[in-house]
Amino acid sequence: MAAPDGRVVSRPQRLGQGSGRGPKGRGACLHPLDSLEQKETQEQTPGQLDMLRKAQEFFQTCDAEGKGFIARKDMQRLHKELPLSLEELEDVFDALDADGNGYLTPEEFTAGFSHFFFRQNNPSQEDAGEQVAQRHKEKVYQSRGNEDLGDMGEDEEAQFQMLMDRLGAQKVLEDESDVKQLWLQLKKDEPHLLSNFEDFLTRIFSQLQEAHEEKNELEYALKRKIAAYDEEIQHLYEEMEQQIKSEKEQFLLKDTERFQARSQELEQKLLCKEQELEQLTQKQKRLEGQCTALHHDKHETKAENTKLKLTNQELARELERTSWELQDAQQQLESLQQEACKLHQEKEMEVYRVTESLQREKAGLLKQLDFLRERNKHLRDERDICFQKNKAATANTAASRASWKNRSGSVIGKYVDGRGILRSQSEEEEEVFSIPRRSSLGLSGYPLTEEEPGTGEPGPGGPYPRPLRRIISIEEDPLPQLLDGGFEQPLSKCPEEEEVCDQGAQGQIQEAPPLKLTPTSPRGQPVGKEAVCKEESSPSAPDRLFKIVFVGNSAVGKTSFLRRFCEGRFSPGMAATVGIDYRVKTVNVDDSQVALQLWDTAGQERYRCITQQFFRKADGVIVMYDLTDKQSFLSVRRWLSSVEEAVGDRVPVLLLGNKLDNEKEREVPRGLGEQLAKDNNLIFYECSAYSGHNTKESLLHLARFLKEQEDTVREDTIQVGHPAKKKSCCG
Ligand SMILES: Nc1nc2c(ncn2[C@@H]2O[C@H](COP(=O)(O)OP(=O)(O)OP(=O)(O)O)[C@@H](O)[C@H]2O)c(=O)[nH]1
Ligand SMILES: [Ca+2]
Ligand SMILES: [Mg+2]
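Residues numbered from 1 in each chain as written. Chains lettered and ligands numbered in written order. Predicted model: local features only at pLDDT ≥ 70, side-chain atom pairs only at ≥ 80, totals over all residues. Heavy atoms only, no water.

1. Overview of the site of ligand 1
Around ligand 1 sit 24 residues in total, of which S554, K558, T559, S560 and T577 are the nearest. One nitrogen or oxygen atom from the side chain of T577 is found 2.6 Å from an oxygen atom belonging to ligand 1. When isolated, ligand 1 has an accessible area of 640 Å², and the protein chains bury 99% of it. By residue number, the principal contributor to the shell around ligand 1 is helix α15 (residues 558-567), which donates three residues. Looking at the shell around ligand 1 residue by residue, the class counts come to ten nonpolar, eleven polar and three charged. (Near = heavy atom within 4 Å. Polar contact = N/O pair within 3.5 Å; in protein donor to acceptor, adjacent residues only side chain to side chain. Areas by Shrake-Rupley, 256 points an atom, 1.4 Å probe, with all protein chains shown as cover. Helix = DSSP H or I, 4+ residues; strand = E, 2+ residues; numbered from the N terminus. Nonpolar A, V, L, I, M, F, W, Y, C, P; charged D, E, K, R; others polar.)

Next up, the structure:
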């Protein structure tokens, strides 16, 4: 095992153990501990012995591998044994390493340790220890010295010095005192051994010299090695440095790259953040702008608010004033309305009278024209017949001829030269046609359809083929210019038609009483006045006036219905209405007098243009169909649409299914009528002009509806600006 200074040393052996080589029978070279033990057995106190033993133990603890010296790191093993920290152990190592070569020999360890140990464990004693050790040395030295001084002369000194010089001990021996003492001791006690001792010393010193030289060489080699190592280490270090540097550089490079990347990233993020910040600042500016604008608006709004409040108050005052004024205006309006209503009704009455007279005049003229044409036609026919008769009976007496010449001109002439006195139609007919008066005559002069014997009912499906019917009853009224002198025939005396008495449903048609010469009108009163009914007489002017237009296919029974309603009677042989007819009937609806102007229109297509004109002013419309004639029901929609065209849907409509008495002939089920009425929001009744069933109820329902509607309108007009709510007709 190589010692730190490169000497080859054996393992520490106890004194007396060993290979037996060495000077004078001793081992070749003494292990340092051996020398220690030697010393141990020499002048040591027990305490010191203990300490030495302890030191040996510690040395062995550190030098666990037994290499004979202790390196720095071996010292750490004492950490557990001694109450010392690693740093303190380092300090102890440095303190013990007297020659500073980084290794501790046993001498260095023991010498230093005992010193350190004493100092470490017995600071007080340490000094004492030290003093003791010092004193001991001095004592020994003194004792030796004394001996030396006492015994040593000059020349011995010189001799010893010469010996040392010869042995060159100065190089290898630091402290010559021991040797000196020993030498003196030997010289004194056993001078014969002196030479041996000197030989021994010579050998030792030469060995020491050699060892020293070796050591120096080794040291030198070591130094070289160390230098090489150092160099290598240096080189390694430099390489390491280089590597570290390159690593560092790479690392730095990476780091810089990463850093650059990071910094770019951060720059980008910064840019984004800046942009965002920019945007946020712009947004903030915008918002501030908006805030200021809003603030400004708020002020403006506040100002406007206050202005509005002021205007509001003014308006409220204004409104109050206006409402007072409005109430006054309403009252005035109401009174004006009533006056206007009165005026309107008077005007209406006037207008109707005028219309009536114009209409009558025109209708009269038209009828006269038709009549004259008819007459003309008949006269021609008669002439033909006469002519033929003449031929056949030329021998007959001239007398018969004389009677023909007695007639006073043609009927036309009478009308034309306005002699005015009109004989009743049927008288003339009698004269001319001399047709027995068994059945009633239609205007056309053809006998009306023969009744079914014994039924008194009009023939099935009504008279057919129907003769040209009498022109509307209105034509016999004397013309307006004749009205003043006109003698009024009460209605019930209507001359030309056979009457069906009210109570009698038998429908027997009786002979009409002969007519007087005075102009008569089927109404028996000037047109425009009400038909005076037996059951009701209306002395005062009516409260309401409603114009109701009656429409429906021809022969559904409109005129018969109106006659039943106004005169309470049914006349089977009604002539088809020409153009328009008109009646007024006042009925009592909820304790108020309601005058109904009933305009009877001609169902025949050719009068359609006349009848259309009358829809406009209607307050209500009655659409009639014949429930025994499907076609008339199918035409109801057309009638409804032309009414809608003319008056919109503001006018209530009453749908009547007539001829209920003719149940056997029914072609239109009641449900169809009800459904149609429901779909079109109409009032619906099935009735019979013949029996009078539902004739009054249906018209009273319509009159009541009209009255209520007008009341609502009036109320709404009186209230400010509320539109009239249209009620549903069927309630
Ligand atoms: N069985 C029956 N026959 C009726 C009824 N109402 C009218 N008639 C007969 O039906 C025929 C036509 O009656 P009108 O009242 O002239 O019919 P209209 O609707 O006025 O006809 P136009 O004047 O052409 O529009 C007449 O022969 C009437 O006798 C009724 O309720 N029952
Ligand atoms: Ca050392
Ligand atoms: Mg008619």
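This is not the end of the story, as more comes after the structure.
2. Concerning the side chain of S560
Within the fold, S560 resides in helix α15. For S560, a relative accessible area of 11% puts it in the buried group. Ignoring sequence-local partners within four residues, the contact set of S560 consists of R569, F570, S571, M574 and A689. (Buried < 20%, exposed > 50% of the residue type's maximum accessible area, 1.4 Å probe, protein only. Contact = heavy atoms within 4.5 Å.)

3. Looking at helix α9 (residues 177-189)
Since there are 3.6 residues in each turn of an α-helix, residues three or four apart along the chain are aligned in direction. Look at α9: 17 Å from first C-alpha to last across 13 residues, which is about the 18 Å you get at 1.5 Å a residue. Of all the residues in α9, the buried ones are S177, V179, K180, Q181, W183, L184 and L186. (Expected span 1.5 Å × (residues − 1).)

4. Notes on the coordination of the calcium ion (ligand 2)
The coordination sphere of the calcium ion (ligand 2) contains the protein donors D97 (OD), D99 (OD), D99 (OD), N101 (OD1), Y103 (O), E108 (OE) and E108 (OE), at a distance range of 2.1 to 3.0 Å. When the donor residues of the calcium ion (ligand 2) are listed from N- to C-terminus, their spacing reads D-x1-D-x1-N-x1-Y-x4-E. The exposure class of Y103 is partly exposed, given its relative accessible area of 32%. (Donors = N, O, S within 2.8 Å, 3.2 Å for Na, K, Ca; no water.)

5. A few points about the sheet that holds strand β4 (residues 580-589)
Read across the sheet, six strands follow the order β4-β5-β3-β6-β7-β8 without closing on themselves; strand pairing throughout is mixed. The strands lining the two open edges of the sheet, one partner per strand, are β4 and β8 (683-686). Strand after strand, the sheet turns through a mean of 25 degrees between neighbouring axes, direction not considered. Here strand β3 (residues 544-552) pairs with strand β5 (residues 592-601) via seven bridges, running parallel. Bridging from a neighbouring strand, V549 pairs with W599 of β5. Packed on one face of the sheet, helix α18 (residues 636-647) meets β3, β6 (620-626) and β7 (653-658) and runs near 165 degrees to β6. (Pairing = 2+ DSSP bridges. Axes fitted to C-alpha atoms, helices over the stretch in contact; angles between N-to-C directions.)

6. A look at the coordination of the magnesium ion (ligand 3)
Of the protein atoms, only T559 (OG1) and T577 (OG1) coordinate the magnesium ion (ligand 3), at distances of 1.7 to 1.9 Å. Of the two residues, T559 sits in helix α15 while T577 sits in the loop between α15 and β4, which places them 18 residues apart along the sequence. Overall, T559 belongs to the buried group, its relative accessible area being 10%.

7. Overview of the packing of aromatic side chains
Here a ring pair, both rings aromatic, is described through the centre-centre distance and the interplanar angle of the planes. In the structure shown here, the tally under the stated rule is seven aromatic pairs. Judged by centre distance (4.4 Å) and plane angle (50 degrees), the rings of Y582 and W599 are tilted. Residue Y582 is located in strand β4, and its partner W599 is located in strand β5; the two are separated by 17 residues in the primary sequence. Overall, the relative accessible area of 0% leaves W599 in the buried class. Between Y625 and F633, the ring centres sit 4.8 Å apart and the planes meet at 70 degrees, which makes this aromatic pair edge-to-face. With a relative accessible area of 0%, Y625 lands in the buried category. One residue, R638, lies across the ring of W639, its end atom 5.7 Å from the ring centre. (Phe/Tyr/Trp six-rings, centres within 6.5 Å; stacked < 30°, edge-to-face > 60°. Lys NZ or Arg CZ within 6 Å of the ring centre and 35° of its normal.)

8. So, the nonpolar core
Counting 34 residues, the largest nonpolar core has V551, W599, V621, V623, Y625, V636 and L655 as the members making the most contacts within it. Those elements that provide at least two residues to this core are β3, β4, β5, α16 (608-615), β6, α18, β7 and α19 (670-679). At five residues, α18 tops the list of elements feeding residues into this core. Counting 28 residues, the second largest nonpolar core, distinct from the first, contains I548, V589, L654 and Y690. (Core = buried A, V, L, I, M, F, W, Y, C linked by side-chain atoms within 4.5 Å.)

Interpretation in functional terms is not warranted from these geometric data alone.
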